[in-house]
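A structural walkthrough
Read off the chains here:
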Amino acid sequence: MIVRFNIDPIEHDQFEYRVSNEGEALYGDAGLDSIEECIVAAVEGLGQDAVAAEVAYKSIISGTYPLASLALMTAQIALHALQTTQAVEEVSR
C-alpha cells in the first residue's frame, strides 16, 4: 500500500500531518515543530502494509518515496517538499 502524508502549517512555526490511504484518514497529529518532524512521526505510525508514501506539503505532492528512503533521508525529503511547494506557489501567482 502507498499512503499519503499531508503536511500543513497551522500556526507560527507549527505543523500538522495526516496520513491517508485512498482518501481514507488513518491517523495524524498537530503541533509539531517542522515538516521533518511530521514525516518522522508519520513514518513511525505506519504498519507493515505500507511500502511507500507520497509526501504533500500544502496539498502539493513533492514525490513518492519508499519507506526506507523516508527513514534515512528525512531532512532532504522535508526540504524538497518545502522547495517544491514554494516553486509551485511562485509560478502560480
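In the block above lies the structure referred to throughout.
Residues numbered from 1 in each chain as written. Predicted model: local features only at pLDDT ≥ 70, side-chain atom pairs only at ≥ 80, totals over all residues. Heavy atoms only, no water.

Right, let's talk about helix α3 (residues 74-91) for a bit. Taking 1.5 Å as the rise per residue, α3 with 18 residues should run 26 Å; its terminal C-alpha atoms sit 26 Å apart, in good agreement. Turning to α3, its buried residues number three or more, namely T74, I77, A78, A81, T84 and T85. Projected down its long axis, α3 shows its buried positions confined to an angular sector of 130°, all on one face. Residues of α3 that are buried in the fold lie against α1 (35-44), β4 (52-57), β5 (60-66) and α2 (67-72). (Helix = DSSP H or I, 4+ residues; strand = E, 2+ residues; numbered from the N terminus. Expected span 1.5 Å × (residues − 1). Buried < 20%, exposed > 50% of the residue type's maximum accessible area, 1.4 Å probe, protein only. Arc of directions from axis to C-beta. Contact = heavy atoms within 4.5 Å.)

Let us look at the pairing of strand β2 (residues 14-21). Burial analysis of β2 places six of its eight residues in the buried class, which makes it a mostly covered element. Where strand β1 (residues 2-11) meets β2, seven bridges bridge the pair, whose relative direction is antiparallel. The residue of β2 that forms the bridge with D8 is E16. In the sheet, β2 pairs with strand β3 (residues 24-32) via seven bridges, with the strands oriented antiparallel. Counted as the bridge partner of F15 is L32 from β3. Linkage of β2 to β3, two consecutive antiparallel strands, is achieved through a turn of two residues, within which E22 is found at a positive phi near 50°. (Pairing = 2+ DSSP bridges.)

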